[in-house]
Amino acid sequence: MVLKIAHLYPTLMNIYGDRGNLTTLIYRSKLRNIKVEINSISPGEVLNSNETDLIFGGGGQDRQQFLIAADLQKKKAVLQNLIGSGVPALLICGSYQLFGHYFKTATGKEIPGIGIFNLYTVASAKRKIGNVVVESSVDFKENPNSSARPNFIVGFENHSGNTFLDPQTQPLGKVVVGFGNNGSDQTEGAIYQNAFGSYLHGSLLPKNPHLADHLIYLALQKKYRLCSLPKIDDGLEWQAHQAAVNRAFRLKKRLGLFRF
Amino acid sequence: MRPLRATGALIIGKLLQLSLKRLGRGGGTALPGLVALWVEPELLTYLSTKLAIPQILVTGTNGKTTTVRLLHDILVNSGLKVISNRSGSNLKRGLISALIENYSFFHLKPIDLAVWEIDEAILPDIINETVPRGVVFNNLFRDQLDRYGEIDTLLSKWRESLDQLSPDTFLVLNGDDPNISELVSINRPNTIRFGQRQDGDLSSKLPHAAESRHCPRCGKLTAIEKVYTAHYGKYNCPSCGFNNHSLNISFTQVKAEKIKNNIITQIEIKSRQSHIDIKTSLLGEYNLYNITGAIATALLLKIPIGVIQKTISSSRPAFGRGEVIEIDSRQLNFFLAKNPVGLNEIIKTLPKTKPKNFLLVLNDEVADGRDVSWIWDADFEKLVPKINQAIVSGTRAEDLALRLKYAGLKLDKFTIDKDLTLALKKIVNLSQPKANVFVLPTYTAMLGLRKILADWGKTHQVWQD
């Protein structure tokens, strides 16, 4: 089996270690004898539907978002078709924002998005930075955990943008530690069909093997009618996940120190 | 100006500093300054005016401590009395603590010059208060993502601050870093750009941690003629014509040879006025940039070449930047690792001989940066083949262990031990007598290790550096 991943704008949207998400998808696929092909799509290059089983976009600064916005508009139709047909996608931070309707920057400029997620983002003066624990709203078919335990997703956020979801939009989950989309409504991220948007770095997938496997499963189930993904040794992944969750809770309690 | 309050602040700070040292609670390189500033927030402005000495600021992502140490030693060897925040305490409280160190019996001891290592985020503030004689910019990489928000914001704050500087203030800029080279106009007087000039084959493919493939002036994809390290290189933008070819001072690597147990690198430094041969035992290309930056500054200050050469050739690595400490005959090599570019450079510098034992420590305290995502941007895949056995420690040890697993390190080659003292003991015991062991910690982990070693009597305390 071959998993073809379209990596959107890798040389521009690559600032927060989000490459780790691809490293994770490749590693976990390889252990199951699934070959992974990464297609890097830069501005001006064509996104080929036939060569795309999964879509990935990472985080970047305002400047890089300006640079890709126009090109992203040209790919709007292709991306809407792909995601509408159930192709899974992972969009982090800057990419997540541009998959919404628009992003209004601190200078008042509005960068148009492609409206896959029904949301919009507005820059704010306050930067939302810190460890995040999210109680996931995703139904993980491949989740090794029993449903009795809270289903957490753990990561780290760093954004000034406040994202507001349309009431009908499903968030990635409910914020337990951290700010999330806007620091007020306790939502984090967004889901549309099999596209997942989130502010979480960390990187996101290494410590959330259930989410990583869910994405791989969705891609291969659509392409090959795969019934289930073979289990692999996740001991260290879950150890890291739990340690990060504990750390997030512990740091939440500490007093913030002022800086001179 | 409030001289009484300032004096009060100095006295209180001094008492605190003496007490801390007497009680063995550290070297007083931060807290006394913090308290003094609380008493008189404008203390730095007051002292700058009172002392009326030239102050030189050194900033950038990687290499500040080494550059400051080299410059400090060159100046001292030329007969000047120099004050510096040598322990790497580079926030305002660090400068004040160093000045308090110099305060004795109600007056400030005479000094000729100050050389300060300055944290990138507070540079504009320090420029405002000290009105410096000169500023040195090493480089700008992603570092502690959560502390600085975005690089572009930092750059624009720097530019704004530099625009307001008197043209008499000299600037020493790393010309191979396009972001730094572009900080001021090419026509600005009293501005020196330094960099590497090497002929020969260099890869034209940028390693992943590089983030400037796009012209810093116009944003278009630019052709890079040569790539040195990370995003350093000779840029030539076809769209707007930006190029950083014009260097005032350049270094060329001549050769590296093994003399006794050290590797000595020889470089040639060329400027319009001079041609200097330099020998150094500091390793890594990044250190050649640090050396050249320090030398460029020293030349501006009219320091004789002989003094410069002698100082550089006898310089040993600064705290945690390649220094070697012996424990039970094992040679522990310490390399501070705090961001992807720095770590990639360290990995490149490691010996290509058979695999060694490593102690890797990842902390996420405020001074390290809370966001550990950066480890996924560092090329651990290149480190893995050099690892025989690794012990992983720190507040985020599990993250680092996972990174190693995904970089291809077999599970039986590493263990997690969150107790730093135990981890250090273990790696020593695991290693053969006289073996080289490599320790790669983040900043607070380095401080923690240093304290353990000082308690064991293996080395002096950080502030005695």
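Residues numbered from 1 in each chain as written. Chains lettered and ligands numbered in written order. Predicted model: local features only at pLDDT ≥ 70, side-chain atom pairs only at ≥ 80, totals over all residues. Heavy atoms only, no water.

Colleague: Go over the overall build of chain A with me, naming the residues and quoting the values.
Modeller: Tallying secondary structure elements over chain A gives 6 helices and 12 strands in all. Principal axes of the C-alpha set define a box for chain A whose edges measure 55 × 45 × 35 Å. Burial status across chain A gives 59% buried among its 260 residues. Side-chain charges in chain A split into 29 positive and 19 negative, and the spacing between the mean points of these groups amounts to 5 Å. (Helix = DSSP H or I, 4+ residues; strand = E, 2+ residues; numbered from the N terminus. Buried < 20%, exposed > 50% of the residue type's maximum accessible area, 1.4 Å probe, protein only. Lys, Arg positive; Asp, Glu negative; His and termini not counted. Charge placed at Lys NZ, Arg CZ, Asp CG, Glu CD.)

Colleague: Describe the interface of chain A and chain B, with residues and values.
Modeller: Chain A puts 41 residues into the contact, and the matching count from chain B is 45 residues. Counting the contacts that link chain A with chain B gives 5 salt bridges. Ionic pairing is found between Arg 247 of chain A and Asp 364 of chain B, a salt bridge with its closest N-O pair at 2.6 Å. Seen at the junction of chain A and chain B, the total is 11 residue pairs in polar contact (both at pLDDT 80 or more). Elements with a minimum of two residues in the side of chain A that touches chain B: helix 1 (19–30), helix 2 (62–74), strand 7 (119–136), strand 8 (152–165) and helix 6 (235–253) of chain A. At 8 residues, the largest contribution of residues to the side of chain A that touches chain B is made by helix 6 of chain A. Here the side of chain A that touches chain B is built from residues that sort into 15 nonpolar, 15 polar and 11 charged. (Contact = heavy atoms within 4.5 Å. Salt bridge = Lys/Arg side-chain N within 4 Å of Asp/Glu carboxyl O. Polar contact = N/O pair within 3.5 Å; in protein donor to acceptor, adjacent residues only side chain to side chain. Nonpolar A, V, L, I, M, F, W, Y, C, P; charged D, E, K, R; others polar.)

Colleague: Report on the packing of helix 1 of chain A against helix 5 (residues 209–224) of chain A, specifying residues and quantitative values.
Modeller: All names here are of chain A. Between helix 1 and helix 5, whose axes approach to 10 Å, the crossing angle comes to 70°. In terms of their interaxial angle, helix 1 and helix 5 are classed as roughly perpendicular. Where helix 1 approaches helix 5, its residues Thr 24, Leu 25, Arg 28 and Ser 29 are matched on the opposing element by Pro 209, Ala 212, Asp 213 and Ile 216. Counted by class, the contact of helix 1 with helix 5 contains 4 nonpolar, 2 polar and 2 charged residues. (Axes fitted to C-alpha atoms, helices over the stretch in contact; angles between N-to-C directions. Parallel < 35°, antiparallel > 145°, perpendicular 65-115°, else oblique.)

Colleague: Describe the side chain of Ser 271 of chain B, with residues and values.
Modeller: Mapping Ser 271 of chain B onto the fold places it in strand 12 (residues 262–271). Other than its neighbours up to four places away in sequence, Ser 271 of chain B contacts Asn 248 and Ile 249 of chain B.

Colleague: Describe the pairing of strand 11 (residues 249–259) of chain B, with residues and values.
Modeller: Residue and element names in this part refer to chain B. With 3 bridges connecting them, strand 8 (residues 191–196) and strand 11 associate as parallel partners. Directly across from Gln 196, in strand 11, lies its bridge partner Phe 251. Of the strand pairs in this sheet, strand 11 and strand 12 are connected by 10 bridges, and their pairing is antiparallel. Paired with Ile 259 across the two strands is Asn 262, which belongs to strand 12. (Pairing = 2+ DSSP bridges.)

Colleague: Please set out unusual backbone geometry residue by residue, giving values where relevant.
Modeller: Residue Ser 203 of chain A is reached from Gly 202 of chain A by a cis peptide bond, and omega for that bond is -5°. By the secondary structure assignment, Ser 203 of chain A is in the loop between strand 12 (195–198) and helix 5. With a phi close to 65°, Phe 106 of chain B is a non-glycine residue in the positive phi region. In this fold, Phe 106 of chain B is placed in the loop between strand 3 (103–104) and strand 4 (107–108). Not every positive phi belongs to a glycine, and Lys 302 of chain B is a case in point at roughly 65°. As for its placement among the helices and strands, Lys 302 of chain B is situated in the loop between helix 10 (285–300) and helix 11 (305–313). Residue classification places Lys 302 of chain B among the exposed residues on the basis of a relative accessible area of 72%.

Colleague: Any details on the environment of Lys 50 of chain B? Residues and values, ideally.
Modeller: Secondary-structure assignment places Lys 50 of chain B in helix 3 (residues 43–51). Taking the C-alpha atoms as reference, Lys 50 of chain B lies 28 Å from Lys 157 of chain B; in sequence the two are 107 residues apart.

Colleague: Go over the sheet that holds strand 11 (residues 190–192) of chain A with me, naming the residues and quoting the values.
Modeller: All names here are of chain A. Spatially, 2-1-3-4-12-11 is the arrangement adopted by the 6 strands of the open sheet, whose pairing is mixed. Whereas interior strands pair on both sides, the edge strands pair on one side only; in this sheet they are strand 2 (35–41) and strand 11. The average undirected angle you get between the axes of adjacent strands in this sheet is 15°. Both strand 4 (residues 89–92) and strand 12 contribute to a ladder of 4 bridges, which runs parallel. Residue Leu 91 lies in a different strand from strand 12, and its bridge partner there is Gly 197. In the packing of helix 3 (residues 76–84) onto the sheet, contacts are made with strand 3 (54–57), strand 4, strand 11 and strand 12, and the angle to strand 3 comes to roughly 125°.

Colleague: With reference to specific residues and values, describe the confidence of the model for chain B.
Modeller: Scored by pLDDT, chain B has a mean of 88; 89% of the residues are at 70 or more. The ipTM assigned to the predicted complex is 0.94, against a pTM of 0.83. (pLDDT = per-residue confidence, 0-100.)

Colleague: How would you summarise the pattern of salt bridges if you had to cite specific residues and measurements?
Modeller: Opposite charge on two side chains lets them pair, provided their charged atoms get close. Tallied over the entire structure, the rule returns 29 salt bridges over all chains. Measuring nitrogen to oxygen at the nearest pair gives 2.8 Å for the salt bridge that ties Arg 28 of chain A to Asp 213 of chain A. A residue pair is termed long-range when its members are at least 10 positions apart, and Arg 28 of chain A in helix 1 and Asp 213 of chain A in helix 5 qualify at 185 residues. By relative accessible area, which is 0% here, Arg 28 of chain A ends up buried. In this structure, Lys 21 of chain B engages Glu 101 of chain B in a salt bridge whose closest nitrogen and oxygen atoms are separated by 2.8 Å. Within this pair, whereas Lys 21 of chain B is found in helix 1 (residues 3–22), its partner Glu 101 of chain B is found in helix 5 (residues 92–101), the two being separated by 80 residues in sequence. Classification of Lys 21 of chain B as partly exposed rests on a relative accessible area of 35%. Put simply, Arg 28, Arg 32, Asp 213, Asp 234 and Glu 237 of chain A together with Lys 405 of chain B are held in one network by salt bridges that share partners.

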